[in-house]
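Now for the letters of each chain:
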Amino acid sequence: MEQNIHEFLEDHPTGVGWPEIMEQFGSVSDVTEAFMSEIQDEELVHVFQKKHREVFIAGVVCFLLCLFLFHFVQDFKIWRDEDAFMTEETLYVYEGTECPDKWQEQIFPGEK
């Protein structure tokens, strides 16, 4: 059937529309039925199994990716809450110690 369609299109390279194709080969359901009858059952089953296998593998990959992402986020939260260090700098200024003018107002408000 597929070969017949290719030969018809080669014989009529221009000006072929759906009405001409349907006139030559019949309705869409007739063409589909003829095509499906030519396919071996094992071949059809193989195509469906391959498609299902691809969908299953894609689902497993997505699940594992989500699991990894969830685990990464949880580990990051634990690290941030428990292990992340916050550093703080303390400056001790004693009386009589000279400090830069830009810090003077912060250390001794109201004094100059």
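Residues numbered from 1 in each chain as written. Predicted model: local features only at pLDDT ≥ 70, side-chain atom pairs only at ≥ 80, totals over all residues. Heavy atoms only, no water.

Caption draft 1: The arrangement of the overall build of the protein chain in detail. Helices and strands together make up the secondary structure of the protein chain, namely 5 helices and 0 strands. When the helices and strands of the protein chain are placed in sequence order, the string is α-α-α-α-α. Relative to the compact-globule value of 13 Å for 112 residues, the protein chain shows a C-alpha radius of gyration of 38 Å, a clear excess of over 25%. Its C-alpha atoms put the protein chain at 105 × 35 × 20 Å along the principal axes. Each of the 112 residues in the protein chain was classed as buried or not, and the buried ones make up 4%. Of the roughly 10,800 Å² that the protein chain leaves accessible, carbon and sulfur atoms contribute 60%. (Helix = DSSP H or I, 4+ residues; strand = E, 2+ residues; numbered from the N terminus. Rg over C-alpha atoms; globule rule 2.2 N^0.38 Å. Buried < 20%, exposed > 50% of the residue type's maximum accessible area, 1.4 Å probe, protein only. Areas by Shrake-Rupley, 256 points an atom, 1.4 Å probe, with all protein chains shown as cover.)

Caption draft 2: Summary view of a nonpolar patch on the surface. The grouping of Phe56, Ile57, Val60, Val61, Phe63, Leu64 and Leu67 at the surface amounts to a nonpolar patch, some 700 Å² of accessible area in total. Turning to its location among the elements, phenylalanine 56 is positioned in helix α4 (residues 41-83). Look at phenylalanine 56 and you get exposed, because its relative accessible area is 58%. (Patch = residues over 30% accessible without salt bridge, like charges linked within 9 Å, V, L, I, M, F, W, Y side chains within 5 Å. Salt bridge = Lys/Arg side-chain N within 4 Å of Asp/Glu carboxyl O.)

Caption draft 3: Up close: the packing of aromatic side chains. With the rule as written, the count across this model stands at 1 aromatic pair. An angle of 35 degrees between the planes, with centres 5.9 Å apart, marks the rings of phenylalanine 76 and tryptophan 79 as tilted. One end of the pair is phenylalanine 76 and the other is tryptophan 79, both in helix α4 and 3 residues apart, which spans about a single turn. Looking at phenylalanine 76, the relative accessible area reads 43%, which means it is partly exposed. (Phe/Tyr/Trp six-rings, centres within 6.5 Å; stacked < 30°, edge-to-face > 60°.)

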